[in-house]
Number of protein chains: 2
Amino acid sequence: MLYNCPVETTLKMIGGKYKALILWHLIDSTLRFGELRKFIPQATPKMLTQQLRELEEDNLICRTVYPVVPPKVEYSLTELGMSIHPILSAMYGWGSDYLKNNGMEINCSMHLE
Amino acid sequence: MLYNCPVETTLKMIGGKYKALILWHLIDSTLRFGELRKFIPQATPKMLTQQLRELEEDNLICRTVYPVVPPKVEYSLTELGMSIHPILSAMYGWGSDYLKNNGMEINCSMHLE
DNA sequence: CAGTATCCCAAATGATACTG
DNA sequence: CAGTATCATTTGGGATACTG
């Protein structure tokens, strides 16, 4: 695959419908599939699975399966995934400012750090 | 519209197919429609127009029409558009590193600054 | 030059039901 | 619990031709 611009490379990896959101949620915690679903209820299981698989393929997240019943699967950031943090933070900061300046309430169940 | 997270707000505004690329090209120059087409040949006129209109609606770029024949239209960044620069730069940097570490050549007709 | 207008196709996403 | 499978639908996007 040939990219015109590195900006596009980055966008391809974190620009999926729920990818930035998933990464953001994983920044400070390892989460199970069901927990991610609760954080991102608008994503159907199919979509969530698909996005997670793509993130995993791109080596941004790590999927750990515990061989127990009932199944337990945990998702966490890889080192590469953690290296995205500054970008996500910058996006969070810019987005917050934008919403504030436009009198929109932020409805984010998320912790800044 | 209600956003779950400011990260999504930002992504909605710069995540369109050619948006980041358009913004990136406009960072250091005002460009005409035809010039943007040359820089982004993969975008059909329809798509380019659509993306430009959305960027304009979001107040990221400014469209200036000169009442001459033949028509002359120039696009430039607004202040808000310029404020995206750090994010784009961060994305450019991360993407470059990623491509380098994976032995991929960068084929970007673009100037870093 | 800077777009619009149409038509059409492919990909993305949603809804729902099911399973090891 | 953590997904898959299937079907239906919507959306995105390309090709092409046309215009003030």
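Since this is a predicted model, take the numbers as computed values, not measurements.

(A) Spotlight on the relation of the copies chain A and chain B. Mapping chain A onto chain B leaves a residual RMSD of 0.1 Å; the transformation is a rotation of 179° accompanied by 0.0 Å of translation along its axis. A rotation of that kind, with that shift, is consistent with a two-fold axis. Taken together, the interface assignments show that 100% of the residues at the interface of chain A recur at the interface of chain B, consistent with an identical surface on both copies.

(B) Local environment of the protein's contact with DNA strand D. Around DNA strand D lies a shell of 17 residues, among which Arg32, Arg53, Arg63 and Tyr75 of chain A together with Lys46 of chain B are the nearest. Near the protein, meaning within 4 Å, the atoms of DNA strand D are sugar or phosphate in a fraction of 71%, with bases accounting for the rest. Between DNA strand D and arginine 53 of chain A, the relevant distance is 2.7 Å, taken from a phosphate oxygen to a side-chain nitrogen or oxygen of the residue. Every element with two or more residues in the surface near DNA strand D is listed here: helix 3 (33–39), helix 4 (45–57) and strand 3 (72–77) of chain A together with helix 4 (45–57) of chain B.

(C) Structural view of the side chain of glutamine 51 of chain A. Topologically, glutamine 51 of chain A is positioned in helix 4. If we ignore the near neighbours within four places in the chain, the residues touching glutamine 51 of chain A are Gly16, Lys17, Tyr18, Lys19 and Ile22 of chain A.

(D) Highlighting the protein's contact with DNA strand C. Among the 17 residues in the neighbourhood of DNA strand C, the closest are listed as Lys46 of chain A together with Arg32, Arg53, Arg63 and Tyr75 of chain B. Looking at DNA strand C alone, sugar and phosphate atoms form 70% of those within 4 Å of the protein. In the model, a phosphate oxygen of DNA strand C is placed 2.7 Å from a nitrogen or oxygen of the arginine 32 of chain B side chain. At 3.2 Å from a sugar or linking oxygen of DNA strand C is found a main-chain nitrogen or oxygen belonging to proline 71 of chain B. At the level of secondary structure, the elements contributing two or more residues to the surface near DNA strand C comprise helix 4 of chain A together with helix 3 (33–39), helix 4 and strand 3 (72–77) of chain B. By residue class, the composition of the surface near DNA strand C is eight nonpolar, two polar and seven charged.

Procedures and definitions
- Residues numbered from 1 in each chain as written.
- Chains lettered and ligands numbered in written order.
- Predicted model: local features only at pLDDT ≥ 70, side-chain atom pairs only at ≥ 80, totals over all residues.
- Heavy atoms only, no water.
- Least-squares fit on C-alpha atoms with pLDDT ≥ 70 in both.
- Contact = heavy atoms within 4.5 Å.
- Near = heavy atom within 4 Å.
- Polar contact = N/O pair within 3.5 Å; in protein donor to acceptor, adjacent residues only side chain to side chain.
- Helix = DSSP H or I, 4+ residues; strand = E, 2+ residues; numbered from the N terminus.
- Nonpolar A, V, L, I, M, F, W, Y, C, P; charged D, E, K, R; others polar.

No statement about biological role is implied by the geometric values presented.
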